[in-house]
Amino acid sequence: MNKEESMKRGEFLRSLGLSTSTLMAFYCLGTTMTSCGSKEDDPDPTPGGGSGVSGTTTGGNINFTVDLTNASYSSLKTAGEYKIIGDVLVAFTTGSAYVALTKICTHEGNPVQYRKDLNDVYCPSHLSEFSIAGAVKQGPAALPLTAYKTSLSADGNTLTVTA
């Protein structure tokens, strides 16, 4: 989610179904919600700011970098590990290559997982299987997962993922 897509605190709370009077009670009581600041005072809920990820991790314009020295993502330096970052499954395969694929199965929109024992991507909901390139190996999914380009920095500490 980029800055243009970020949601204001009040919009988020309303999306949870909280009424205006409930919101005012939170504001007036001064509970743990720090609501007296401007939008610029809000911590950025998007990747970046020390999270280990910066850039666009959702939508049609995937373009982000991952700091592999960050504790949240250092496991991606180990073959067979994967992380979900925004809309993308990023894996360091057992073949010691980085892959990035959409995290949602093309069959019915359920989340997929990387399976290191088979070096593939799997949908546990309906048992579809995909190659690490995103191709369907076994249905019911009929369409491949979208694959993104990955590139590793010369020092091996930064992974870039692009559409």
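For clarity, every value in this text was computed on a predicted model and none was experimentally measured.

Pairing within the open sheet is antiparallel, and its four strands lie in the order β6-β7-β8-β9. Either end of the sheet is taken by a strand with one partner, and the two such strands are β6 (113-115) and β9 (136-138). Examined bridge by bridge, strand β7 (residues 120-122) and strand β8 (residues 129-130) share two bridges and lie antiparallel to one another. Counted as the bridge partner of Tyr122 is Glu129 from β8.

What follows concerns the pattern of salt bridges. A full pass over the atoms with the stated rule returns four salt bridges. One salt bridge connects Glu129 with Arg115, and the closest N-O pair in it is separated by 3.3 Å. With Glu129 in strand β8 and Arg115 in strand β6, this pair connects stretches of sequence that are 14 residues apart. Like Arg115, Glu129 is buried. In the salt-bridge network here, residues are joined through shared partners; they are Arg115, Asp120, Glu129 and Lys137.

What follows covers the side chain of Glu129. Judged by relative accessible area, Glu129 falls into the buried class, the value being 17%. With near-sequence residues (within four places) excluded, Glu129 lies in contact with Arg115, Asp120, Val121, Tyr122, Ala135, Val136, Lys137 and Gln138.

With that settled, the discussion passes to the sheet that holds strand β5 (residues 98-102). Spatially, the seven strands line up as an open sheet ordered β1-β2-β11-β10-β5-β4-β3, and their pairing is antiparallel. A strand with exactly one partner marks an edge of an open sheet, and here the two such strands are β1 (53-56) and β3 (81-85). The sheet shows a mean angle of 20° between the axes of neighbouring strands, direction not considered.

Bringing the nonpolar core into the picture now. For soluble globular proteins, the rule of thumb is that nonpolar side chains tend to be buried together. Core analysis: the largest hydrophobic core is formed by 16 residues, its most contacted members being Phe64, Val66, Val90 and Val161. Contributions of two or more residues to this core are made by β2 (63-67), β4 (88-92), β5 and β11 (158-162). For this core, the element with the most residues is β4, which contributes three residues. Excluding residues within four positions of it along the chain, Val90 makes contact with Phe64, Leu76, Glu81, Tyr82, Lys83, Ile85, Val99, Ala100, Leu159 and Val161.

At Ser96, a residue that is not glycine, the phi angle is positive and equals roughly 60°. Looking at the secondary structure, you find Ser96 in the loop between β4 and β5.

Cut-offs applied
Residues numbered from 1 in each chain as written. Predicted model: local features only at pLDDT ≥ 70, side-chain atom pairs only at ≥ 80, totals over all residues. Heavy atoms only, no water. Pairing = 2+ DSSP bridges. Helix = DSSP H or I, 4+ residues; strand = E, 2+ residues; numbered from the N terminus. Salt bridge = Lys/Arg side-chain N within 4 Å of Asp/Glu carboxyl O. Buried < 20%, exposed > 50% of the residue type's maximum accessible area, 1.4 Å probe, protein only. Contact = heavy atoms within 4.5 Å. Axes fitted to C-alpha atoms, helices over the stretch in contact; angles between N-to-C directions. Core = buried A, V, L, I, M, F, W, Y, C linked by side-chain atoms within 4.5 Å.

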